[in-house]
Amino acid sequence: MSYLNIQEPLSTNHEHYGVVSWQSPSNIALIKYWGKRPIQLPENASISFTLSEAITKTKVKYRNRSSLSEWVQFSFEGKKEETFAARIIKYLDSIKSYLPWIEQMAFEIESENSFPHSSGIASSASSMSALALCLCDIEQTIYPTQIDADIIRKKASYLSRLGSGSAARSVYPGLVAWGASSHIKGSSDEFAIPVSSQHSLFNEFHDDVLIVSAAQKSVSSSAGHALMDTNIFANTRYTQADRHMELLLQSMQTGDLETFGKIVEDEAMTLHALMMCSNPSYILMEPNTIAVIKLIRNYRKETNLPIFFTLDAGPNVHILYPDSIAQEAASFIEKQLLPLAHNGQIIKDRVGPGPIKLN
Ligand code: DP6
């Protein structure tokens, strides 16, 4: 694949060193990626909003490696983190055929998140995309070929995907799709693409994340995806996801918030229903997750205001609404939903501008 632009290993007599730093955001899926096949390819196309506040900042220092024993040192928020380091080493090992030079370098990687670790918010999308962007940037410095910025970003999405599927979508701003879909021109299972054909009201969408529980997830995403291999509803789900994608895109083009909300909520409920009927079965919602969902539905019924929810593979509730109702939403959330949050935690986020290179 030409966009991968795989370089020859470096000549050993040349010294390379430097430091790069990127911040990359998390994203919230509207159509969920749930189910995958080797290697990190999705069973259905997904689409998400890239967020603005929930970000990972990653700094990578690199220099020629002088011995086999040194390769990667990793610290998270100032502390050495062996578990993350092991995941990063495994990741770098898995991508060295795309970046042959990484074996010749030693890396010191420092990372930090904008959101509290106690929030139970998953960080693989922001952290893996921030790292992939740093690596693509280093490659540009040591092989200064005049490659188009779009191609570099595509490679960053491809490499992010190999770290965590949903991370492929975090390298672009706004609305982003990953997975081959007949409804999205240029879409691919290998990398994500930005999707621009949407009504302007979606450019200013809010996503307030109500932290219902900060406990660690009881099933990792990878183990969760694997449950789909034996789920008897899997094929029906993939057909549903395709139909949902078609309807969601139509609703986003025309600004039909009612259909948008119906599909987004159906996706969240389907994701959790699939987990509940998997073998083994998981219940990732907490009682307050359901209480919050009911309150959102009641409020919508009473007021007719376009306020919706979605869920990740966990108990926290993402509250989605357009900027035009921000005032009403803030007062509803504060009065009715915040009392149900863990330690009153809420992360007020919105659709964001995508990753940023830091100085
Ligand atoms: C429910 O991207 O975390 O958030 O590829 O195994 O790292 P891996 O999984 P991950 O799965 C995300 C699942 C989801 C839905 C989504 O973001 O599309």
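Bear in mind the structure is a predicted one, so any value in this text is a computation, not a measurement.

**Quick word on the domain arrangement of the chain**
Interface size is often expressed as the accessible area that is lost when the parts come together.
Alright, step 1. Along its sequence, the chain is carved into domain 1 (2–197) and domain 2 (201–350).
Alright, step 2. Distance from the C-alpha centre of domain 1 to the C-alpha centre of domain 2: 26 Å.
Alright, step 3. The partner domain 2 presents 46 residues to the 34 residues of domain 1 that form the contact.
Alright, step 4. When domain 1 packs against domain 2, close to 3100 Å² is buried across both sides, 67% of that on carbon and sulfur atoms.
Alright, step 5. The three residues of domain 1 that bury the most area against domain 2 are Lys-32, Trp-34 and His-183, which together make up 26% of that side's buried surface.
Alright, step 6. Joining domain 1 to domain 2, the criterion identifies 11 residue pairs in polar contact (both at pLDDT 80 or more).
Alright, step 7. Listed by contribution, the elements that provide at least two residues to the side of domain 1 that touches domain 2 are strand E1 (17–31) and strand E4 (46–64).
Alright, step 8. The element that contributes the greatest number of residues to the side of domain 1 that touches domain 2 is E4, accounting for 8 residues.
Alright, step 9. Here the side of domain 1 that touches domain 2 is composed, by residue class, of 18 nonpolar, 12 polar and 4 charged.

**A short note on the site of the ligand**
Alright, step 1. As a matter of local geometry, the ligand sits amid 17 residues, with Tyr-33, Lys-36, Ser-164, Gly-165 and Ser-166 nearest to it.
Alright, step 2. Note that an oxygen atom of the ligand is positioned 2.7 Å from one of the backbone N or O atoms of Gly-165.
Alright, step 3. The protein chains hide 93% of the 460 Å² of surface that the ligand would expose on its own.
Alright, step 4. Of the residues assigned to the shell around the ligand, the class counts are 5 nonpolar, 8 polar and 4 charged.
Alright, step 5. Per-domain counts for the shell around the ligand show at least three residues from each of domain 1 (2–197) and domain 2 (201–350).

**A short note on a negative patch on the surface**
Alright, step 1. On the surface, Glu-77, Glu-108, Glu-110 and Glu-112 cluster together to form a negatively charged patch.
Alright, step 2. Relative to the assigned elements, Glu-77 resides in the loop between strand E5 (72–76) and strand E6 (79–80).

**Quick notes on the pattern of salt bridges**
Alright, step 1. Overall, the coordinates contain 12 salt bridges when judged by the stated rule.
Alright, step 2. Between Glu-70 and Arg-63 there is a salt bridge whose closest N-O contact spans 3.2 Å.
Alright, step 3. Using a relative accessible area of 19% as the deciding quantity, one classes Glu-70 as buried.
Alright, step 4. Here Arg-63 falls in the partly exposed class, since its relative accessible area comes to 36%.
Alright, step 5. Across the pair Arg-237 and Glu-267 runs a salt bridge, and its minimum N-O distance is 2.8 Å. Of the two residues, Arg-237 is situated in helix H5 (residues 234–254) and Glu-267 in helix H6 (residues 257–276); the sequence distance between them amounts to 30 residues.
Alright, step 6. Arg-237 gets classed as buried once you look at its relative accessible area, which sits at 4%.

**Quick word on the nonpolar core**
Alright, step 1. In terms of nonpolar packing, the biggest core is built from 73 residues, with Trp-101, Phe-107 and Phe-260 touching the most fellow members.
Alright, step 2. Ranked by residues supplied to this core, first place goes to helix H2 (residues 124–142) with 10 residues.
Alright, step 3. Apart from the residues within four sequence positions on either side, Phe-260 is in contact with Leu-30, Phe-49, Phe-202, Phe-205, Leu-248, Ser-251, Met-252 and Phe-308.
Alright, step 4. Grouped together as the second largest cluster of nonpolar side chains are 21 residues, Met-285, Leu-305, Ile-307 and Tyr-321 included.

**Overview of the packing of H5 against H6**
Alright, step 1. Close contact between H5 and H6 brings their axes to 9 Å; oriented N to C, the two are set at 160°. Here H5 is positioned roughly antiparallel relative to H6, judged by the angle of their axes. Read as a crossing pair, H5 and H6 show a hand that is left-handed. Only Thr-259, Phe-260, Ile-263, Val-264, Asp-266, Glu-267, Thr-270 and Leu-274 of H6 make contact with H5, whose side of the interface consists of Arg-237, Gln-240, Ala-241, His-244, Leu-247, Leu-248, Ser-251 and Met-252.
Alright, step 2. Class assignment for the residues of the contact of H5 with H6 results in 8 nonpolar, 5 polar and 3 charged.

What counts, and where the lines are drawn
- Positions within a chain are numbered from 1, following the residues in the order the chain's sequence is written.
- Given that the model is predicted, a residue must reach a pLDDT of at least 70 before its local features are reported, and side-chain atom pairs must reach 80 or more before they are shown or counted; all residues, however, enter totals for whole chains, interfaces and linings.
- Hydrogens and water molecules were not included; the side-chain quantities draw on all heavy atoms of the structure.
- For the purposes of this description, domain bounds are those given by an automatic or database domain assignment.
- Contacts are assigned to residue pairs that have any heavy atoms within 4.5 Å of one another.
- Using a 1.4 Å probe, buried area is obtained as the accessible area two parts lose upon being combined, added over both of them.
- Pairs of N or O atoms within 3.5 Å make up the polar contacts considered here, provided that, within protein, one atom can donate a hydrogen while the other can accept it, and that residues adjacent in sequence are counted only when both atoms are side-chain atoms.
- For the purposes of this entry, the term helix denotes a DSSP run of H or I that reaches at least four residues, the term strand denotes a run of E that reaches at least two, and both are numbered from the N terminus.
- Here the term charged refers only to Asp, Glu, Lys and Arg, the term nonpolar to Ala, Val, Leu, Ile, Met, Phe, Trp, Tyr, Cys and Pro, and the term polar to all other amino acids, Gly among them.
- For this description, a residue counts as near a given molecule or strand if any of its non-hydrogen atoms is within 4 Å of it.
- Residue-level accessible areas treat just the shown protein chains as cover; the underlying method is Shrake-Rupley with a 1.4 Å probe.
- Two joining distances apply to patches: 9 Å for like charges and 5 Å for nonpolar side chains (Val, Leu, Ile, Met, Phe, Trp, Tyr), and every residue must have over 30% relative accessible area and no salt bridge.
- Throughout this description, the term salt bridge denotes a Lys or Arg side-chain nitrogen within 4 Å of a carboxyl oxygen of Asp or Glu.
- When charges are counted, Lys and Arg are positive and Asp and Glu negative, with His and the chain ends excluded.
- A charge is said to be at NZ when it belongs to Lys, at CZ for Arg, at CG for Asp and at CD for Glu.
- Think of it in three bands: with a 1.4 Å probe and only protein chains considered, a residue is buried below 20% of the maximum accessible area for its type, exposed above 50%, and partly exposed in between.
- By nonpolar core is meant a set of buried Ala, Val, Leu, Ile, Met, Phe, Trp, Tyr and Cys residues that side-chain atoms within 4.5 Å join together.
- Axes here refer to lines fitted to C-alpha atoms; in helices the fit is confined to the stretch in contact. Angles between the N-to-C directions go from 0 to 180 degrees.
- Angles are sorted into four bins: roughly parallel if under 35 degrees, roughly antiparallel if over 145, roughly perpendicular if 65 to 115, and oblique for all others.
- Two helices that cross are described as forming a left-handed crossing if the nearer one is turned anticlockwise from the farther one by less than a right angle, and a right-handed crossing if clockwise.

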